[in-house]
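# Results of the structural survey
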Amino acid sequence: MRLGHCTLCPRACGADRRTGRGFCGGGALPRVARAALHQWEEPCISGTRGSGTVFFSGCPLRCCFCQNYQISSEAFGRDLSPDRLAQIFLELQEKGAHNINLVTPTHFAHAVARALEEPLPVPVVWNTGGYESVETLRGLEGK
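In this report, the structure presented in the accompanying data block is examined. Remember, predicted model here, so these are calculated numbers, not experimental data.

Rules used in this analysis
Numbers given to residues run from 1 along each chain, matching the order in which its sequence is written. In view of the model being predicted, local features appear only for residues whose pLDDT reaches at least 70, and side-chain atom pairs are presented and counted only at 80 or more, with totals across whole chains, interfaces and linings using the full set of residues. Think of the side-chain values as coming from all heavy atoms in the structure, minus any hydrogens and water. Comment: elements are numbered from the N terminus, with helices defined as DSSP H or I runs of at least four residues and strands as E runs of at least two. Working rule for contacts: check all heavy atoms of both residues, and any pair within 4.5 Å makes them a contact. A cavity, in this analysis, means grid points on a 1 Å lattice covering only the protein atoms where a 1.4 Å probe fits yet has no way out; a pocket is instead an open set bounded by protein on both sides within 12 Å along at least five of seven lines, and a residue lines either one if it has an atom within 4 Å of a point. Grid points are joined across faces, edges and corners, and a volume is the space filled by probe spheres set on the points. Think of it as three bins: nonpolar holds Ala, Val, Leu, Ile, Met, Phe, Trp, Tyr, Cys and Pro, charged holds Asp, Glu, Lys and Arg, and polar takes everything else, Gly as well. Take the buried Ala, Val, Leu, Ile, Met, Phe, Trp, Tyr and Cys residues and link them wherever side-chain atoms come within 4.5 Å; each set so joined is a nonpolar core. Relative accessibility thresholds used throughout: buried, under 20% of the residue-type maximum; exposed, over 50%; partly exposed, between the two (1.4 Å probe, protein chains only). Charged residues are defined narrowly, with Lys and Arg counted positive, Asp and Glu counted negative, and His plus the chain ends left uncounted. Salt bridges are defined by distance alone: a side-chain nitrogen of Lys or Arg within 4 Å of a carboxyl oxygen of Asp or Glu. Nitrogen and oxygen atoms within 3.5 Å of one another constitute a polar contact, given that in protein one can donate a hydrogen and the other can accept it, and given that sequence-neighbouring residues count only through two side-chain atoms. Multiplying 1.5 Å by the helix residue count minus one yields the expected span of that helix. What the arc covers is the set of directions going from the helix axis to the C-beta atoms.

The next subject is the environment of L85. Within the secondary structure layout, L85 lies in helix α3 (residues 82-94). Through-space distance from the C-alpha of L85 to that of V32 is 8.8 Å; in sequence the pair is 53 residues apart. Dropping the residues within four chain positions of it, L85 is found in contact with P30, V32, V54, F56, A111, V112 and A115.

And the structure:
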């Protein structure tokens, strides 16, 4: 998963995200708009205590009808290190999350992989629109 010539999503824009942003709006660090327990996902995901949901900013699809337009297209949120992202996963788990629910994480798969180097005892949900690169998904195997 390289950022020098980005191919994390099927758009494969080739941007050098170490110094700029890709078509998705993503740079080198993951931008997170919100991280919290989410009670209103599908019942099988949120259960009784909630899903530990992390909303990533930007998106490789850039749909004009997106229900999260401010997050997906207007860069709402703040940049975090992969270490801080890992801490957030643990904090959500400590709050009782049944899982860690990553919303639109594809363009930050490099940072998610680093944040998940220490396996979590709860499942990780890859919550996307389905526009994924097989190579990127293979890079996440075992995480």
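Next comes the rest of the account.
This part is about empty space enclosed by the protein. Gaps left between atoms show up when a probe the size of a water molecule is rolled over them. Taken as a whole, this structure holds one cavity of 30 Å³ or more when the rule is applied. There is about 80 Å³ of room inside the largest cavity. As for the largest cavity, its lining consists of 13 residues, and the residues nearest its centre are C6, C9, C13, R17 and C24. Here the residues of the lining of the largest cavity are counted per class, giving eight nonpolar, three polar and two charged.

Counting 18 residues, the largest nonpolar core has V54, F56, L85, F89, I100 and L102 as the members making the most contacts within it. Taken together, the elements giving at least two residues each to this core come down to β2 (51-56), α3, β4 (100-103) and α4 (109-115). Per-element tally for this core: the top contributor is α3, with five residues. Residues within four places of I100 in sequence aside, it is in contact with G52, F89, L92, Q93, L120, V122, P123, V124 and V125. Counting residues in each nonpolar core, the second largest holds six residues, with L3, L8, A113 and L140 among its members.

Looking at the element boundaries, E132 is found in the loop between β5 (124-127) and α5 (134-139). It turns out E132 is buried and unbridged, and the closest side chain with the opposite charge, R17, is 11 Å from it. A polar contact of 2.6 Å, which involves the side chain of E132, links it to the side chain of T106. Excluding its chain neighbours within four sequence positions, the residues that come into contact with E132 are P10, T106, W126 and L137.

Time to look at the pattern of salt bridges. Under the counting rule described, the total for this entry stands at four salt bridges. One continuous salt-bridge network, built from bridges that share partners, spans R21, R31 and D79.

Of the volumes computed, that of the largest pocket is approximately 490 Å³. In terms of lining, the largest pocket is formed by 25 residues, of which the most central are C66, N68, V103, T104 and G129. Each residue belonging to the lining of the largest pocket can be placed in one class, and the counts come to twelve nonpolar, ten polar and three charged.

Here R62, not a glycine, exhibits a phi torsion of approximately 55 degrees, which is positive. On the secondary structure map, R62 appears in the loop between β2 and α2 (69-73). You can call R62 partly exposed: its relative accessible area is 39%. The residue A75 is not glycine, and still its phi comes out positive at about 60 degrees.

Over its 13 residues, α3 extends 19 Å from the first C-alpha to the last, a length consistent with the 18 Å expected when each residue adds 1.5 Å. Of all the positions in α3, only P82, L85, A86, I88, F89 and L92 are classed as buried. Buried positions in α3, seen along its axis, are confined to an arc of 155 degrees and lie on one side of it. Of the exposed residues in α3, the ones pointing more than 90 degrees away from its buried face are D83 and E94. Among the structural elements, β1 (31-38), β2, β4 and α4 are those in contact with the buried residues of α3. Positive phi appears at G96, one or two residues downstream of α3, with a value of about 105 degrees.

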